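Okay, here's what each chain looks like letter by letter:
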Amino acid sequence: MSQAQDARYQPQAIEQKWQTAWEQAEVFTARRDPAKPKYYVLEMFPYPSGRIHMGHVRNYTMGDVVARYKAAQGFSVLHPMGWDAFGMPAENAAMEQGGHPKDWTYGNIAVMRDQMKPLGLSIDWSREFATCDPEYYGQQQAMFIDMLHAGLVYRKNAVVNWDPVDMTVLANEQVIDGKGWRSGADVERRELTQWFFKISDYSAELLEALDGLKDWPEKVRLMQRNWIGQSRGLQFAFGAVNAPEGFDRIEVYTTRPDTLMGASFVGISPDHPLAKHLERHNPDVAAFVADCRKIGTTEEALEKAEKKGFDTGIRVRHPFDDAWELPVYIANFILMDYGTGAIFGCPAHDQRDLDFANKYGLPHPDVFFALDNDTPVDATAFVPPKTEKVRYVRGFAGEEVQTGADAVEAAIAFCEANGVGHGVTQYRLRDWGLSRQRYWGCPIPVVHCDACGVVPEKKENLPIALPDDVSFDQPGNPLDRHPTWRDCVCPSCGAPAKRETDTMDTFVDSSWYYARFTSPRADTPTDKAETDYWMNVDQYIGGIEHAILHLLYSRFFARAMVKTGHLPDSAKEPFNALFTQGMVTHEIYMTLDDKGRKIYHLPEDIEDGKLKATGEAVTIIPSAKMSKSKKNVVDPVNIINAFGADTARWFMLSDSPPERDVEWTSAGAEATYKHLGRVWTLCDKIAAMGVDQPSDADTDLLRAMHHAIDAVTKAVENFAFNKAIAELYAFTNTLSKSQASGTAQVTAMKTLAQLMAPMVPHLAEDIWERLGGEGLVAQAPWPKADPAMLVADTVTLPIQINGKRRSEITVAADASKEEVEKLALADDAVVKALAGNPPRKLIVVPGRIVNVVV
RNA sequence: GCGGGCGUGGCGGAAUGGUAGACGCAAGCGACUUAAAAUCGCUCGAGCCUUGCUCGUGCGGGUUCAAGUCCCGCCGCCCGCACCA
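So, how was this worked out
- Note that residues are indexed from 1 along each chain, following the sequence as it is written.
- For naming, the first written chain is A and the first written ligand is 1, with later ones following in the order written.
- It should be noted that, the model being predicted, local features are given only for residues of pLDDT at least 70 and side-chain atom pairs only at 80 or more, the latter also being counted only at that level, while totals for whole chains, interfaces and linings use all residues.
- Only hydrogens and water are set aside when side-chain values are computed; all heavy atoms of the structure are taken into account.
- The numbering of helices and of strands both runs from the N terminus, where a helix is a DSSP run of H or I of at least 4 residues and a strand a run of E of at least 2.
- Any N or O atom pair separated by 3.5 Å or less is treated as a polar contact, with the protein-specific requirement of one donor-capable and one acceptor-capable atom, and with residues adjacent in sequence counted only for side-chain atom pairs.
- What makes two residues a contact is simply this: any of their non-hydrogen atoms within 4.5 Å.
- Put simply, a disulfide is two cysteine sulfurs that come within 2.5 Å.
- Working definition: with a 1.4 Å probe on protein chains only, accessible area under 20% of the residue-type maximum means buried, over 50% means exposed, and in between means partly exposed.
- Here a residue is considered near a molecule or strand provided that any single heavy atom belonging to it is located within 4 Å of it.
- We call Asp, Glu, Lys and Arg charged. Ala, Val, Leu, Ile, Met, Phe, Trp, Tyr, Cys and Pro are nonpolar, and the rest, Gly among them, are polar.
- When we speak of the arc, we mean the arc of directions from the helix axis to the C-beta atoms.
- Structural elements are reduced to axes, namely lines fitted to C-alpha atoms, with helices fitted over the stretch in contact, and the angle between N-to-C directions of any two is expressed from 0 to 180 degrees.
- Orientation categories follow fixed angle ranges, with anything under 35 degrees roughly parallel, anything over 145 roughly antiparallel, 65 to 115 roughly perpendicular, and all other angles oblique.
- Pairing of aromatic rings covers Phe, Tyr and Trp, the last counted by its six-membered ring, and requires centre-to-centre distances within 6.5 Å; plane angles under 30 degrees mean stacked, over 60 mean edge-to-face, and any other angle means tilted.
- Charge-over-ring contacts are defined here by two conditions on Lys NZ or Arg CZ: a distance within 6 Å of the ring centre and an angle within 35 degrees of the ring normal.

Enquirer: In this structure, what is going on with the side chain of D64? I would like to understand it.
Expert: Assignment of secondary structure puts D64 in helix α3 (residues 54-72). For D64, the side chain forms a polar contact with the side chain of S122, separated by 2.5 Å. Apart from the residues within four sequence positions on either side, D64 is in contact with E43, H79, G120, L121, S122, R649 and P758.

Structure follows, in structure tokens:
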């Protein structure tokens, strides 16, 4: 090719060329190589919604930087990709547009795979799978059966959102202001028998093991810790005065037994057995409980709802005083799932209890006061930290002045000694309900037999595949109304039986895909040789929105897989390191129509704050997460077509720290494209210089090069890709201005290509080739910084006078503290400020700063 | 409501308790050009009595020789809340 043709950066040609070269050389095929250390990089796999978006580009580019960097460091890298393919949107599409969820899903996967491949990601596509492949969910069913036998799965009643018009179960997001999203009908809470994983058996372990996850963000560990919610408290029973038969004791759980003398009422959940009993016999209770059940099933809805109670008329005796009677209320904010579903209220020291007491005219006796204040509680409860010492005026155990924590322990000890209940450790974490009354999910492989009850399927009958001949022209689960699919024989007695029609929560699918990637075609869920080599995931990357549910479920599921022999014990914490990346945002463009309704416009239709088509000015709303409804989306495909994948990748990594949100701007994308073009041109210039005689400027350039190697390496290791890119800019500027010899410049440029390769792999390959690099840069070892080239001879120290910068001195890098002090005191500004007096204090931080206090 | 996080120039951001604003964008000025684009060079937190000084990291306090960084109290925005993925 001639120089003239080469003179412009043409990403489209370059990118196609190198993607083909990588594919032919099978560079990214993961190989189990006992001679090499392994490295498993995984990004949270995408839901096949139909098109990739910039969030995907950012997520996968970050993973790709790590994968390529680790490969250059000599690791055998596993970097797979798959599809989280079950879920509601496919069924919604089938209902809205006709067609079949399967066709919609696989169609989307094909489109998205085609959109993803031009990004040049170092993915081993031979391992690709979708969770809706029967080969995948069949293995999931096999594990479900193993877990059932291992006592990790059970059935119990649980509440769902029921749409009485559509006669179907709704997801929380389908309930809008208490109404069904399609029917608009008031949603009811309804109890169904459902399948559960016994994650609560692992509450303590999942909590304790968080301490070992050193390479997880502290915030995620804290969120999980709070979610699991370990608490120490007292469980005891109030004896009822006038309760219906069978309810003469009401068990309550409290984390504040020290406030027992401040009790003013007992509250029970609307789902408490006593409430249910009363509901059947008392129309007023029934009306109240029915009202409570209109509140959604989410904790958020419950907490935000107005706190209401109903006086049952039942009275209980205080455990310390037979004459002291407390009223029993049914209260809408008490959860049946937590503790015993019943509490006692101590209004003086709990704001919610106080609001409740004030609303219903109940007393609120103070139990303790602050040491310096004894104002009785009125409208604001006194809730100091448990670690703070307070003075007990209605205490019954321990010291008069003690911390809340000490008082709780003393109260538990006192109660146990006096036969009033016992200390217990509770967890907020509830068992994982996995039943979904939907078609597009993994069928739960059990059979209902009149004689044998609920029986797991035989493994040789797996996969229990979804039937294809279903329709979505009516609401509800098509499996329920399929003419033949449910019919089967009982695996136990051989009599005719019916299949379970519930399918699994899609969180089950995503709780083990990382393990399946190690042997995606195995005819067992996992293959021991492969999991032994590849597990754990060394670096997991995804959104912070998954901080709790997905990551906690995966941690549990890995343990369940260990227990059932599908993972080695060493894999019970499957993700060694976690990184949570921020979102991609964009400003929003809006106009109003003649009726004042908001109309949103795509960024590509806007120029200089005006609509391209009509010239109408648009209102610019500050950046928000890219969403279809606000139309503030930029299609990666358009960016790749216009600027190339390397520009999209580089821009997604530059500027913003990876854990924070990044705003996509067209100016930023264009600037990136220009920069990559400059690098490309610089390479041309340097290639033309060739090998020549050394120059005086060589050392400076090579020092800058080693500094860049060191800085970029550290930045990539620390996930500070924006800083790595800032260093690459700085080094590029140095190189482009350098007067060094051609020999040195070629060395520097080749190193630049290597350092850029994880971010912009296509451009890097092209530079590498033009400068005569051996093989592919994708397979070249990572450059090493020479420590001798990193140390400077002299260092400039700022001099502060009373903490404000006033001057600076340049000293030898190895100057002693005494020498620095001497030089600092001789500095003009210091001499002037001291005016002949000795300094009151002289602080020298070697290599950093000097502070003179006058 | 509860749990978690974030907040620094016109913008994205940098800064082991140690020179606030690295690096980039935008803008301005200049060079080149018939011209524009591209490219290259310079300037770029605010104010002032401009060799320098004062103020400045959401707001109000505090600790320290020294605070964007640590502590206390607020405000705003974002994520999660168990059937969205």
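Enquirer: I keep staring at the state of the cysteines and nothing clicks. Help me out?
Expert: What is meant by a disulfide is a covalent connection between two cysteines, made through their sulfur atoms. Tallied over the full model, the rule gives 0 disulfides. For C415, which is in no disulfide, the shortest distance to another cysteine sulfur is to C346 and amounts to 14 Å. There is no disulfide at C449, and the cysteine sulfur nearest it, in C490, is 3.6 Å away. Classification of C449 by relative accessible area gives buried; the value is 5%.

Enquirer: Would you mind showing me how to read the environment of N226 here?
Expert: You can see N226 is positioned in helix α8 (residues 218-228). On the accessibility criterion, N226 (53% relative accessible area) is exposed. Sequence separation between N226 and Y329 is 103 residues; the distance between their C-alpha atoms is 28 Å.

Enquirer: Quick question: what am I supposed to make of the protein's contact with RNA strand B here?
Expert: Close to RNA strand B lie 62 residues; N172, R438, K723, R805 and N851 are nearest. Restricting attention to atoms of RNA strand B within 4 Å of the protein, one finds that 64% of them are sugar or phosphate atoms. Within the side chain of R436, an N or O atom sits 3.0 Å from a phosphate oxygen of RNA strand B. Between RNA strand B and the protein, one listed contact pairs a phosphate oxygen with a side-chain N or O atom of N733 at 2.8 Å. Take the surface near RNA strand B: its biggest share by element is 6 residues, from helix α23 (residues 721-737). Broken down by class, the residue content of the surface near RNA strand B amounts to 23 nonpolar, 15 polar and 24 charged.

Enquirer: Just checking my understanding: could you explain helix α25 (residues 761-770) for this structure?
Expert: Because each turn of an α-helix spans 3.6 residues, side chains separated by three or four positions in sequence point in the same direction. The buried count for α25 comes to 8 of 10 residues, which makes it a mostly enclosed element. For α25, the secondary structure elements touched by its buried residues are α2 (11-24), α3, α20 (645-653), α21 (666-689) and α24 (742-756). One or two positions beyond α25, positive phi appears at G772, with a value near 75°.

Enquirer: Quick question: what am I supposed to make of α8 here?
Expert: Buried residues of α8: V220, R221, Q224 and I228, and no others. Seen along its axis, α8 keeps its buried residues to an arc of 100°; they face one direction. Against α7 (203-208), β8 (230-240), β17 (422-427), α18 (549-563) and β26 (578-581) lie the buried residues of α8. Immediately downstream of α8, the backbone of G229 shows phi near 60°, a positive value.

Enquirer: Just checking my understanding: could you explain the packing of α8 against α18 for this structure?
Expert: For any two helices packed against each other, one specifies the crossing angle of their axes together with the interaxial distance. Relative orientation of the contacting elements α8 and α18 amounts to 75°, with a least axis distance of 10 Å. Judged on the interaxial angle alone, α18 and α8 are roughly perpendicular. Along the contact surface, α8 presents V220, Q224, W227 and I228, while α18 presents L549, L551, L552 and R555.

Enquirer: Any chance you could explain the packing of aromatic side chains here in plain terms?
Expert: Two aromatic rings are characterised by how far apart their centres lie and by the angle between their planes. Scanning the entire structure with this criterion turns up 48 aromatic pairs. Seen from their ring centres, Y329 and Y360 are 5.5 Å apart, and the 45° between their planes marks the pair as tilted. Of this pair, Y329 sits in strand β12 (residues 321-331) while Y360 sits in the loop between α12 (351-359) and β14 (368-370), and the two are 31 residues apart along the sequence. Three or more aromatic residues link up through ring pairs in this structure, and these residues are F45, F129, Y136, W512, Y513, Y514, F517, Y540 and F575. The ring of F196 has K156 lying over it, and the distance from NZ or CZ to the ring centre is 4.7 Å. Taking NZ or CZ as reference, R499 lies 5.9 Å from the ring centre of W485, over its face.

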